[in-house]
Amino acid sequence: MNRVRGLDRQPRHRPVHGPHPLEERRRLHRVDLLKSTPGGFEQVGTLAQSVPVRPPGGTATKFAFSYTVTQTDQSIGKVTFKAAATLLDHRDALPGDNELNSPPVKIT
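Rules used throughout
Throughout, a residue's number is its position along its own chain's written sequence, starting from 1. Per-residue local features are limited, in this predicted model, to residues with pLDDT of at least 70; the limit for side-chain atom pairs, both in listing and counting, is 80 or more; totals at the level of whole chains, interfaces and linings are taken over all residues. Excluding hydrogens and water, the side-chain values take into account all heavy atoms of the structure. Here, any two strands with at least 2 DSSP bridges between them count as paired. Strands here mean DSSP runs of E at least two residues long; helices mean DSSP runs of H or I at least four residues long; both are numbered from the N terminus. Per-residue accessibility, obtained with a 1.4 Å probe over protein chains only, is compared with the maximum for each type, and a residue is labelled buried under 20%, exposed over 50%, and partly exposed between these values. Note on contacts: a residue pair qualifies if any of its non-hydrogen atoms lie within 4.5 Å across the two residues. Side-chain rings of Phe, Tyr and Trp, where Trp is taken by its six-membered ring, are said to pair if the distance between their centres is within 6.5 Å; with planes under 30 degrees apart they count as stacked, over 60 as edge-to-face, and otherwise as tilted. Geometrically, a lysine NZ or arginine CZ counts as sitting over a ring once it is within 6 Å of the ring centre and also within 35 degrees of the ring normal. Salt bridge, as used here, is a side-chain nitrogen of Lys or Arg placed within 4 Å of a carboxyl oxygen of Asp or Glu.

Engineer: Give a detailed account of the pairing of strand S2 (residues 40-52), specifying residues and quantitative values.
Structural biologist: Across 12 bridges, strand S1 (residues 26-37) lies against S2 in antiparallel orientation. When the sheet's bridge partners are listed, Arg-27 is paired in S2 with Val-51. Hairpin remark: S1 followed by S2, antiparallel, with two residues in the connecting loop.

And the structure:
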């Protein structure tokens, strides 16, 4: 009987160690926080942190900022915030979706 070498063996399965490769990958992001002014927006904060490529349980990652209301904000009576994210250590495939404006926040 003629046999083809290698076809009579069972396939070998390599054991998988550690988390899934997508879970290991992280990217460094910077988020700039801006607030509305009568002339446009001005930067009021910056935060950089490493985030997973695919966050567990969804597509959002929290960046926590604190802001102290100014006298100018009080005289205007409201402020709108803008968050602008920048990917620092890799190319961003879709940079146009990296900004978010808040609804106006009423100041009392």
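Engineer: Requested: an account of the environment of Leu-47, with residues and values cited.
Structural biologist: As for its placement among the helices and strands, Leu-47 is situated in strand S2. Owing to a relative accessible area of 26%, Leu-47 belongs among the partly exposed residues under this scheme. Spatially, the C-alpha atom of Leu-47 lies 6.6 Å from that of Asp-32, the residues being 15 residues apart in sequence. Apart from the residues lying within four places of it in its own chain, the contact partners of Leu-47 are His-29, Arg-30, Val-31, Phe-63, Ala-64 and Phe-65.

Engineer: How would you explain the packing of aromatic side chains if you had to name every residue and give the values?
Structural biologist: In the structure shown here, the tally under the stated rule is one aromatic pair. Summarising the aromatic geometry, the rings of Tyr-67 and Phe-81 are spaced 5.2 Å apart at their centres and angled 75° between planes, so their arrangement reads as edge-to-face. Note that Tyr-67 is positioned in the loop between S2 and helix H2 (71-76) and Phe-81 in strand S4 (residues 81-87), a separation of 14 residues in sequence. For Tyr-67, a relative accessible area of 24% translates into the label partly exposed. You can call Phe-81 buried: its relative accessible area is 16%. Stacked on the ring of Phe-41, the Lys or Arg Lys-82 has its end atom at 4.5 Å from the ring centre.

Engineer: Help me get a handle on the pattern of salt bridges, residues and values and all.
Structural biologist: All chains considered together, the criterion is met by three salt bridges. Its salt-bridge partner being Arg-30, residue Asp-32 comes within 3.3 Å of it at the nearest N-O pair. On the basis of relative accessibility, which here comes to 28%, the residue Arg-30 falls in the partly exposed class. Between Lys-35 and Asp-73 there is a salt bridge, and its shortest N-O distance comes to 2.8 Å. Taken together, the residues span a long stretch of sequence, with Lys-35 in strand S1 and Asp-73 in helix H2 at a distance of 38 residues. With respect to class, Lys-35 is no different from Asp-73; both count as buried.

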